[in-house]
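Read off the chains here:
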Amino acid sequence: MLLITSGIPGFYTYYSLSSKNIIYYNSDNKNVILSFFSIISILIFLLILSLFSGINNVNELLNNLSFTKISLSLFSSIILVILLTEIIYPLLLDIYNRFINTNRARKNLSLTNTLPIHIKRYENDKYMIYVIIKEMDNSIIDEGIIESFSKKSNRNIIISREYSELKDEIIKTSEFSEVYIDFENRVKLDYYFWKK
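Since this is a predicted model, take the numbers as computed values, not measurements.

What counts, and where the lines are drawn
- Residues numbered from 1 in each chain as written.
- Predicted model: local features only at pLDDT ≥ 70, side-chain atom pairs only at ≥ 80, totals over all residues.
- Heavy atoms only, no water.
- Helix = DSSP H or I, 4+ residues; strand = E, 2+ residues; numbered from the N terminus.
- Rg over C-alpha atoms; globule rule 2.2 N^0.38 Å.
- Buried < 20%, exposed > 50% of the residue type's maximum accessible area, 1.4 Å probe, protein only.
- Areas by Shrake-Rupley, 256 points an atom, 1.4 Å probe, with all protein chains shown as cover.
- Lys, Arg positive; Asp, Glu negative; His and termini not counted.
- Charge placed at Lys NZ, Arg CZ, Asp CG, Glu CD.
- Phe/Tyr/Trp six-rings, centres within 6.5 Å; stacked < 30°, edge-to-face > 60°.
- Expected span 1.5 Å × (residues − 1).
- Polar contact = N/O pair within 3.5 Å; in protein donor to acceptor, adjacent residues only side chain to side chain.
- Contact = heavy atoms within 4.5 Å.
- Salt bridge = Lys/Arg side-chain N within 4 Å of Asp/Glu carboxyl O.

**Here's the deal with the overall build of the chain**
Phase 1 of the analysis: Looking only at helices and strands, one finds six helices and five strands in the chain.
Phase 2 of the analysis: Ordered by position in the sequence, the α and β elements of the chain form the string α-α-α-α-α-β-β-β-α-β-β.
Phase 3 of the analysis: Relative to a compact globule of 196 residues, whose C-alpha radius of gyration would be 16 Å, the chain shows 23 Å and is clearly more extended.
Phase 4 of the analysis: Here the C-alpha coordinates of the chain stretch approximately 75 × 40 × 30 Å along the principal axes.
Phase 5 of the analysis: When the 196 residues of the chain are sorted by exposure, 33% land in the buried category.
Phase 6 of the analysis: If you sum the accessible surface of the chain, you get close to 12,600 Å²; carbon and sulfur atoms cover 59% of it.
Phase 7 of the analysis: Across the chain, the centroid of the 21 positively charged side chains sits 8 Å from that of the 20 negatively charged ones.

If you want it as structure tokens, here you go:
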């Protein structure tokens, strides 16, 4: 029972917030974030079950279960988790991020962001990105327009060579360019941005 009440709503919260870039997960923090939201889901379910049963003792509560109480509690807790996920959590996390960035600005530190630098660039829908992927010695591995990307820490991208023959013109007419150096994977990515 607790597996259903924690697993499904906890995963929903985790997936929804990460899909909206409100939280970012990688292999280091994924389990912590998922566990945190699962524990909150369990507590919400137990609280609602306790309210429906009129019992405050957890052992007594679990010994006096009925299908109706479980169903009502599960339905109510799922509705509450959806409301928390779609309205309350994003608001709280936004307030928290603003608070952190205000404190960092007072200490002359750069602002933090939920997303890593490269994902933040890829998520900007205003621009198409032509990328030239190079080894550290500047030999070209591949190049093209970024069509899709992985949000995971492996930084995988799918590129299209559709405009490769226009490379020189794209570079000249791009609104701005950036170089991203990935020391972990030992590659350089030259980005050229232009509006869609």
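This is not the end of the story, as more comes after the structure.
**Things to note about the packing of aromatic side chains**
Phase 1 of the analysis: Applying the stated rule across the entire model yields eleven aromatic pairs.
Phase 2 of the analysis: Between Y122 and F149 the ring centres are 5.2 Å apart and the planes differ by 55°, which places this aromatic pair in the tilted class. Highlighted residues: Y122 in helix α5 (residues 117-122) and F149 in strand β2 (residues 140-149), separated in sequence by 27 residues.
Phase 3 of the analysis: A relative accessible area of 10% places Y122 in the buried class.
Phase 4 of the analysis: Between the aromatic rings of Y127 and F193, the centroid separation amounts to 6.1 Å while the plane-to-plane angle is 85°, which identifies the pairing as edge-to-face. Of the two residues, Y127 is situated in strand β1 (residues 127-135) and F193 in strand β5 (residues 187-195); the sequence distance between them amounts to 66 residues. Neither Y127 nor F193 differs from the other in exposure class; each is buried.

**Description of helix α2 (residues 30-53)**
Because an α-helix packs 3.6 residues into every turn, residues spaced three or four apart end up facing the same way.
Phase 1 of the analysis: Spanning 24 residues, α2 covers 34 Å between terminal C-alpha atoms, matching the ideal 34 Å at 1.5 Å per step.
Phase 2 of the analysis: The first or second residue beyond α2 is G54, which carries a positive phi of 70°.

**Remarks on the side chain of D190**
Phase 1 of the analysis: Here D190 shows up in strand β5.
Phase 2 of the analysis: Reaching out from D190, the side chain makes a polar contact with the side chain of K134 at a distance of 2.6 Å.
Phase 3 of the analysis: Filtering out sequence-adjacent residues up to four positions away, D190 remains in contact with Y130, V131, I132, K134, E178 and V179.

**Digging into unusual backbone geometry**
Phase 1 of the analysis: The phi angle at N21 is positive, at roughly 60°, despite the residue not being glycine.
Phase 2 of the analysis: Mapped onto the fold, N21 is located in the loop between α1 (2-19) and α2.
Phase 3 of the analysis: Note on N21: relative accessible area 17%, which makes it buried.
Phase 4 of the analysis: With a phi close to 55°, R186 is a non-glycine residue in the positive phi region.
Phase 5 of the analysis: Mapping R186 onto the fold places it in the loop between β4 (176-182) and β5.

**Thoughts on the pattern of salt bridges**
Phase 1 of the analysis: A complete count under the given rule lists six salt bridges for this structure.
Phase 2 of the analysis: In this structure, R161 engages D142 in a salt bridge whose closest nitrogen and oxygen atoms are separated by 2.7 Å. With R161 in the loop between β3 (157-160) and α6 (167-173) and D142 in strand β2, this pair connects stretches of sequence that are 19 residues apart.
Phase 3 of the analysis: Judged by its relative accessible area of 54%, R161 is exposed.
Phase 4 of the analysis: Salt-bridge contacts for E143 lead to K167; the nearest nitrogen and oxygen are separated by 3.5 Å. With E143 in strand β2 and K167 in helix α6, the pair connects residues that are 24 residues apart, well separated along the chain.
Phase 5 of the analysis: Assessed through its relative accessible area of 16%, E143 is described here as buried.

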